[in-house]
Amino acid sequence: MEKILNAKKILIVTEYFYPEEFKINEIAVEWQKKGYEVAILTQEPTYPFGKVYDGYKNRWYFEDSYHGIKVYRVKAVTGYRESLFKKFLKYFTFMFLGSFVALKIGKKYDYVFGFNMAALTSMMPAIIIKKFYKKPVTFWAQDIWPDSVYAYGFKKTKVLEYCLEKFVAFMYRNIDHIAISGKGFESKLKSYVKKDLPFHYLPNWADELDMSMEKVVFSTDDRTHFTFAGNVGKVQNLENIIKAFNALPDSYKGSSQLNIVGDGSALDDLKTLNKCDNVIFHGKKPREEMAKYYKASDFLIVSLVDKPIFSVTVPAKTQTYILAKKPILAIICGDTAEIIEKNRLGFTAKPDDISQIKDIFIKAIKTTEEEKKEFSRNCESLTKNEFNKDRIINDMLMLLTETR
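Source: prediction; values computed, not measured.

Re the sheet that holds strand 8 (residues 199–201)
Judged by pairing direction, the sheet is mixed, and its 8 strands sit side by side in the order 3-4-2-1-5-6-7-8 without closing on themselves. With partners counted over all chains shown, the strands left at the sheet margins are strand 3 (61–66) and strand 8, one partner each. Averaged over all pairs of adjacent strands, the angle between strand axes in this sheet comes to 20°, irrespective of strand direction. Where strand 5 (residues 111–116) and strand 6 (residues 137–141) come together, 5 bridges link them in parallel fashion.

The structure is reproduced here in structure tokens:
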């Protein structure tokens with residue numbers, strides 16, 4: 001503990017920060033409370049809408065604060081929801097602009113923490129500080145390059161593959177510690193990191209929920225309510241989920257409702273695809289109000305398309321669903337499906353098998369109240385034992401301030 005108290009300044013490098021809703025907001029506040037001087041290097045907030053938030057201006061450089069934490073912001077690319085080119089440009093804008101700022105401010109910080117939520121290019125400012133000022137760098141990997149580049153639509157060519165392999169190896173061989181949010185990440189990243197660098201499994205924890213809130217009224221009649229909450233993008237596989245729900249026999253379709261709470265690049269296409277009155281799009285809701293929607297649900301849905309990268313990805317919403325103590329439909333392969341099956345938290349289906357998705361909808365509708373209670377008890381036990389927020393944040397801090 002004495003070693004922790006002697007640590008002074010932490011710079012967090014992250015493409016996303018408040019008012020965008022990510023775990024890094026909570027980490028920064030908790031570390032600040034522990035007596036560290038925490039600062040953030042990020043960009044102007046645009047996620048998930050692809051446009052700058054109200055109250056912010058897209059300036060080349062700006063400084064503001066959040067709960068007493070200094071925030072360095074650089075200009076962000078907008079319009080990336082509609083343009084693959086702009087998405088590509090977005091990968092490099094923070095890389096370059098953030099690196100310039102890192103050169104200016106990096107020397108005064110004792111530790112650098114990279115919240116690798118999306119593009120690995122966004123971690124370059126952390127590596128710049130490592131190279132120029134010899135500061136220890138820790139990554140918390142939430143995404144896997146190069147796999148995710150191809151998963152999000154970029155064509156795999158020999159030139160791109162060569163460049164990505166060299167870039168990923170350069171980035172990971174210059175870090176001192178690595179935490180991973182999914183156990184399967186280790187097998188994907190091991191070849192890139194320094195020999196014998198240990199991987200530390202530190203999963204996402206659940207968002208704080210006030211389950212005492214009055215639940216929303218999804219419908220006036222008695223239905224089995226299925227709810228998907230979060231980003232509505234192409235990789236969330238909602239197209240197949242809606243197709244499966246639309247394919248339910250009328251007796252099951254009439255006694256159930258699919259609720260989609262969120263916004264994203266695929267929303268308009270999904271509204272066009274849907275032909276069922278019992279599929280309701282509620283739009284994006286504030287995070288602090290989500291308990292009302294979970295509480296009104298019988299089953300919560302987590303889903304990603306069937307690509308190798310996503311078999312080792314555990315979406316952060318999974319832990320929040322578990323905290324809500326609601327049965328889960330995991331329409332996903334790999335680690336997430338294993339968590340649901342191993343701990344008996346709900347039902348699973350392969351994301352590309354519409355017939356199988358339809359079958360678990362029916363299975364869920366037939367589930368008894370006693371079975372739902374058992375799923376809930378299992379969720380509560382797992383939250384206490386594995387997805388404890390305070391323990392994870394403390395372990396992350398110990399890893400960051402550890403000397404090798």
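Structure's up, so let's keep going.
So, the sheet that holds strand 12 (residues 299–303)
Judged by pairing direction, the sheet is parallel, and its 6 strands sit side by side in the order 11-10-9-12-13-14 without closing on themselves. The two strands at the open ends of the sheet, each matched to only one other strand, are strand 11 (279–281) and strand 14 (346–349). Strand-to-strand, the axes of this sheet are offset by a mean angle of 20°, without reference to chain direction. Pairing geometry for strand 12 and strand 13 (residues 328–331), over 4 bridges, is parallel. Residue pairing for strand 13: Val302 is matched across the bridge by Ala330.

Remarks on the pairing of strand 12
The buried fraction of strand 12 amounts to 5 of the 5 residues, a majority that puts the element mostly inside the structure. Here 3 bridges tie strand 9 (residues 224–229) to strand 12, and the two strands are oriented parallel to one another. The partner of Thr227 across the bridge, within strand 12, is Leu300.

Section: the side chain of Lys135
Mapping Lys135 onto the fold places it in the loop between helix 4 (124–133) and strand 6. We note that Lys135 is buried and unpaired, the nearest opposite charge coming from Asp110 at a distance of 5.2 Å. Within polar-contact distance, the side chain of Lys135 engages the backbone oxygen of Tyr109 at 3.3 Å.

Things to note about the pattern of salt bridges
Counted under the stated rule, the structure contains 20 salt bridges. Between Asp221 and Arg223 there is a salt bridge whose closest N-O contact spans 3.0 Å. For Asp221, a relative accessible area of 38% translates into the label partly exposed. Residue Asp395 is joined to Arg391 by a salt bridge in which the shortest nitrogen-to-oxygen separation is 3.2 Å. Residue Asp395 and its partner Arg391 are located together in helix 17 (residues 389–400), separated by 4 residues, close to a single helical turn. Taking relative accessible area as the criterion, Asp395 reaches 32% and is therefore assigned partly exposed.

Scoring rules and cut-offs
Residues numbered from 1 in each chain as written. Predicted model: local features only at pLDDT ≥ 70, side-chain atom pairs only at ≥ 80, totals over all residues. Heavy atoms only, no water. Pairing = 2+ DSSP bridges. Helix = DSSP H or I, 4+ residues; strand = E, 2+ residues; numbered from the N terminus. Axes fitted to C-alpha atoms, helices over the stretch in contact; angles between N-to-C directions. Buried < 20%, exposed > 50% of the residue type's maximum accessible area, 1.4 Å probe, protein only. Lys, Arg positive; Asp, Glu negative; His and termini not counted. Salt bridge = Lys/Arg side-chain N within 4 Å of Asp/Glu carboxyl O. Polar contact = N/O pair within 3.5 Å; in protein donor to acceptor, adjacent residues only side chain to side chain.

So yeah, pure geometry; function would need other evidence.
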